[in-house]
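Each chain, written out:
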Amino acid sequence: MTTGTGARESYYERTDERRYKPTAHAGGAWSTDEQHFSPLAGLVVHAIDRHLAQHPARNLNLARISYDILGRIALDECEITVETVRSGRTIELLEAVVAIGGRTVVRARAWLLASYDTSAVADSPHEPLPDPETLSRWAMSDAWDGGYISSIDVRRLPPTRRGRTTAWISSLVDLVAGEPSSPLASYIALVDTANGIAVQQDPTEWMFPNLDLTIHLHRQPQGPWTGLDTTVTFGPSGQGLTSSVLHDVHGPVGQAEQILTVRRLA
């Protein structure tokens, strides 16, 4: 997406070193005055990248990031602070905290692991997904509202049953206005969409927002497509689980899990 002057639009605009203002493109699917968590998850990785850039170069890759969503994420300016919890040459743990109006709304922890050449034994039982260019576009905005949903291109295989589908997602919207983002931050900015592509029940009758997002990576993903092979399970007592095998166009890269709170709408 571009403006009338040809400049690319974005999900966020930086207001100072640690603060970011969301644009309408970050609008949530459950409520238009909230942020969709997907671009915010990418913004946290963007902040982690900036934190790491301030330290001596080390050959570490993000292998796991786990986000806890602590409350309503208003469509307002947010502040992200990042600190090193455990430093090391081969293993490092970082923590990022997102606050809005002085209240912590997201807490994330990221494990970084040293990079070694293990290409000789690299293997995965998951088959690559079909090329996204061979799949038809799915108008996700027919099922969901919000600026974020309107900003993405979704290519989906026809679902074979409720709660099960495969899709590719890309976006022409930058993460932060006027700033380059890493392939990892841009990739992760699309992962949380998984909870909306393979719905178990009609979202006009049931709510099933996720309270967390945990991503494990065995390979660093490359864009511009985020591939989601997703399964959604609802339990009998108000809990659900969205599980996704993550792909880029070269094959599988990891897995993502989201715990859901399931409740009937009034």
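For clarity, every value in this text was computed on a predicted model and none was experimentally measured. (Residues numbered from 1 in each chain as written. Predicted model: local features only at pLDDT ≥ 70, side-chain atom pairs only at ≥ 80, totals over all residues. Heavy atoms only, no water.)

Caption draft 1: Broad picture of the overall build of the chain. Counting secondary structure elements, the chain contains four helices and 15 strands. On C-alpha atoms alone, the chain measures out to a radius of gyration of 18 Å, which is about the 18 Å that the 2.2 N^0.38 rule sets for 266 residues. Summarising its shape, the C-alpha atoms of the chain cover approximately 50 × 50 × 45 Å along the three principal directions. Classification of the 266 residues of the chain by burial places 48% in the buried group. Long-range pairs, those at least 24 residues apart, make up 67% of the contacts in the chain with a sequence separation of at least 6. Per element, the accessible surface of the chain, about 12800 Å² overall, is 50% carbon and sulfur. For the chain, the centre of its 23 positive side-chain charges and the centre of its 31 negative side-chain charges are spaced 4 Å apart. (Helix = DSSP H or I, 4+ residues; strand = E, 2+ residues; numbered from the N terminus. Rg over C-alpha atoms; globule rule 2.2 N^0.38 Å. Buried < 20%, exposed > 50% of the residue type's maximum accessible area, 1.4 Å probe, protein only. Contact = heavy atoms within 4.5 Å. Areas by Shrake-Rupley, 256 points an atom, 1.4 Å probe, with all protein chains shown as cover. Lys, Arg positive; Asp, Glu negative; His and termini not counted. Charge placed at Lys NZ, Arg CZ, Asp CG, Glu CD.)

Caption draft 2: The arrangement of a nonpolar patch on the surface in detail. On the surface, a cluster of nonpolar side chains totalling about 220 Å² of accessible area is made up of Leu211, Leu241 and Ile259. With respect to the helices and strands, the residue Leu211 is situated in the loop between β10 (206-207) and β11 (212-217). Judged by its relative accessible area of 44%, Leu211 falls in the partly exposed class. (Patch = residues over 30% accessible without salt bridge, like charges linked within 9 Å, V, L, I, M, F, W, Y side chains within 5 Å. Salt bridge = Lys/Arg side-chain N within 4 Å of Asp/Glu carboxyl O.)

Caption draft 3: Broad picture of the pattern of salt bridges. With the rule as written, the count across this model stands at 15 salt bridges. Measuring nitrogen to oxygen at the nearest pair gives 3.6 Å for the salt bridge that ties Arg19 to Glu79. Taken together, the residues Arg19 in strand β2 (residues 19-22) and Glu79 in strand β4 (residues 78-86) connect sequence positions 60 residues apart. Given a relative accessible area of 30%, Arg19 falls into the partly exposed group. Residue Glu79 is classed as buried on the basis of its relative accessible area, which comes to 19%.

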